[in-house]
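# Tertiary structure, described
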Amino acid sequence: MFQVLTSAWALLLGMFLLMIGNGMQGTLLGIRGEIEGFSTLEMSIVMSAYFAGFLGGSRMAPGMIRRVGHVRVFAALASLISAVMILYPTFADPWVWTVGRVIIGFCFSAVYVTAESWLNDAADNSNRGKALSLYMIVQTLGIVASQALLLTADPSGFILFVIPSVLVSIALTPILLSISPVPAFSTTKPMTLRALVKTSPLGCAGMLILGGVFSAQFGMSSVYGAQIGLGVGEISTFVATFFVGAVLLQYPIGWGSDRMDRRTLIVGVSAVGVMGSVIGLMLGGSFAMLLVSAFVVGGMSNPLYSLLIAHTNDFLDHDDMAAASGGLVFINGTGAVFGPLIVGALMESMGPGGFFLYMGVLFAALVCYAGYRMTQRAGLSADETGSYVAMSQAATTPVAMEIAQEYAIEVELEAEEEAQSA
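To start, this report covers the structure provided alongside it. (Residues numbered from 1 in each chain as written. Predicted model: local features only at pLDDT ≥ 70, side-chain atom pairs only at ≥ 80, totals over all residues. Heavy atoms only, no water.)

### Some points on the pattern of salt bridges
- Applying the stated criterion across every chain, the model contains three salt bridges.
- Arg32 serves as the salt-bridge partner of Glu36, at 2.9 Å between the closest nitrogen and oxygen. Here Glu36 and its partner Arg32 are both found in helix H1 (residues 2-36), four residues apart, which amounts to about one turn of the helix.
- For Glu36, a relative accessible area of 33% corresponds to the partly exposed category. (Salt bridge = Lys/Arg side-chain N within 4 Å of Asp/Glu carboxyl O. Helix = DSSP H or I, 4+ residues; strand = E, 2+ residues; numbered from the N terminus. Buried < 20%, exposed > 50% of the residue type's maximum accessible area, 1.4 Å probe, protein only.)

Have a look at this one:
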């Protein structure tokens, strides 16, 4: 772990600052939209736009990097992110915000692709798993820390929009001054979606569902908090609790993933997600119970993402694992685009409770489908399954997914060599 920190500290520091900026502007828009009188449906469109831009960026960024290089892409798009953040309070219009969110989603995705390729170059076979874990922890801690900064100024003013803009600009400094040139950028030719779905129906369905669950948390939790009358401090705590749960419960669930039928664990974790959603729906009037619900829902959804990737890998040949990464990210991103729109429509028609109802229904759908799949194909023993790699949905691109897939292959090959030599 120390070796990873010494070789990639500047990159990780820059990513931490970027995630503070991203997490802060997402929550702030939900609060400011309520102040400006935007409807729930309008805010759902604004929030959905980020994921549409992110999905497009993750597919177009590799071509941009090949044409002009990592440094130019990173610097140009991070600068654009900083500029758009300043424009939000200047043009308080839902359609202007929607365009801004598409741009920011696109830019963040391409910035993450660039940073992840640098991270992969800084790591080697001996520490790639630790590098991925640190990357996930830095991402999540950045989002958690961003919520505290919302308490530093009035959300109806300009200062809270200036802070993330400045942080994103500062994030350029440690990265661009310390990163050495990287090898020529390349990505694996993707597996077709048809082949991917045929190989792992549960993995693909689960990734689509979790895209919807995560985008509801990341995009609409602040809108929900504003609608039920929470103060700024309570909203920031509520949003942060989703990600605290994601960090604290990722590794216990990962430990179980390597020791039992993963489909059984998927059913169990999803069922706990249902219960967490029901707590928020039925007892959300109590702020303490609201935090319990956020901790449980966030603590189940993010590990499920890593769990479904590991489950999918169990049925892929080594040569196909990296190729599957782009398809898995695309499926997850598609679910994320529609998540805020559906949540917004539910909250518009039935009130704030639609937020937790939506996530509860999606978790329940995953319980049912995973249970059904257990009747269609025999399970694998723990000895036959691959390695669980902790990942975050907050900033995952096909590059990070490929790194995780490569690491899983390395671990599996090492285990096979040890078994043969024993």
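After presenting the structure, the write-up continues.
### Examining the environment of Leu341
- Following the sequence through the fold, Leu341 ends up in helix H12 (residues 318-350).
- By relative accessible area, Leu341 is classed as partly exposed at 30%.
- Taking C-alpha positions, Leu341 is 6.0 Å from Ile45, a pair spaced 296 residues apart along the chain.
- Those residues in contact with Leu341, other than ones at most four positions away along the chain, are Ser44, Ile45 and Ser48. (Contact = heavy atoms within 4.5 Å.)

### Side note on the packing of helix H10 (residues 262-283) against helix H13 (residues 354-374)
- Close contact between H10 and H13 brings their axes to 8 Å; oriented N to C, the two are set at 160°. Taken as axis vectors, H10 and H13 run roughly antiparallel relative to one another. By crossing handedness, the relation of H10 to H13 is classed as left-handed. Two secondary-structure elements touch here, H10 through Arg263, Thr264, Ile266, Val267, Ser270, Ala271, Gly273, Val274, Ser277, Gly280 and Leu281 and H13 through Phe356, Leu357, Met359, Gly360, Phe363, Ala364, Leu366, Val367, Ala370, Gly371, Arg373 and Met374.
- Among the residues making up the contact of H10 with H13, the classes are represented as 14 nonpolar, seven polar and two charged. (Axes fitted to C-alpha atoms, helices over the stretch in contact; angles between N-to-C directions. Parallel < 35°, antiparallel > 145°, perpendicular 65-115°, else oblique. Left-handed = near helix turned anticlockwise from the far one by under 90°. Nonpolar A, V, L, I, M, F, W, Y, C, P; charged D, E, K, R; others polar.)

### Re the packing of helix H2 (residues 40-68) against helix H8 (residues 201-227)
- As a packed pair, H2 and H8 sit with axes 10 Å apart at the nearest point and diverge in direction by 150°. In terms of orientation, H2 lies roughly antiparallel with respect to H8. Pair H2 / H8 crosses with right-handed handedness. Contacts from Thr40, Met43, Ser44, Met47, Tyr50 and Phe51 of H2 reach H8 at Phe214, Ser215, Phe218, Gly219, Met220, Ser222, Val223 and Gln227.
- Taken together, the residues of the contact of H2 with H8 sort by class into eight nonpolar, six polar and no charged.

### Observations concerning helix H9 (residues 232-257)
- Over its 26 residues, H9 extends 37 Å from the first C-alpha to the last, a length consistent with the 38 Å expected when each residue adds 1.5 Å.
- Roughly 35° is the biggest bend found in H9, and it falls at Leu249, with proline Pro252 one to four residues downstream. (Expected span 1.5 Å × (residues − 1). Bend = angle between axes of the 7 residues up to and from the residue.)

### Quick look at the side chain of Ser82
- Locating Ser82 in the fold gives a position in helix H3 (residues 70-90).
- A relative accessible area of 9% places Ser82 in the buried class.
- Here the side chain of Ser82 touches Ser169 through a polar contact of 2.9 Å, side chain to side chain.
- Apart from residues lying up to four places away in sequence, Ser82 is in contact with Ser165, Val168 and Ser169. (Polar contact = N/O pair within 3.5 Å; in protein donor to acceptor, adjacent residues only side chain to side chain.)

### Notes on the packing of aromatic side chains
- The tally for this structure, following the rule as stated, stands at 21 aromatic pairs.
- Centre to centre, the rings of Phe238 and Phe242 are 5.1 Å apart; their planes meet at 65°, and the pair counts as edge-to-face. With a gap of four residues between them, Phe238 and Phe242 both fall in helix H9, about one helical turn apart. Like Phe238, the residue Phe242 is buried in the burial classification.
- With a centroid separation of 6.4 Å and an interplanar angle of 85°, the aromatic rings of Phe242 and Phe355 are classed as edge-to-face. Here Phe355 lies in helix H13 and Phe242 lies in helix H9, a separation of 113 residues in the sequence. Phe355 carries the same exposure label as Phe242, and that label is buried.
- Through pairs of rings, three or more aromatic residues link up here, namely Tyr50, Phe51, Phe54, Phe108, Tyr112, Phe214, Phe218 and Phe243.
- In this structure, Arg377 is placed above the aromatic ring of Phe315, and the distance from its NZ or CZ to the ring centre is 3.7 Å. (Phe/Tyr/Trp six-rings, centres within 6.5 Å; stacked < 30°, edge-to-face > 60°. Lys NZ or Arg CZ within 6 Å of the ring centre and 35° of its normal.)

### Remarks on H8
- End to end, H8 covers 37 Å across 27 residues, agreeing with the expected 39 Å (1.5 Å per residue, within 8%).
- Of all bends in H8, the biggest is about 55°, found at Met220.
- Burial within H8 is extensive, with 24 of its 27 residues counted as buried.
- Within two residues after H8, Gly229 carries a phi angle of roughly 85°, on the positive side.

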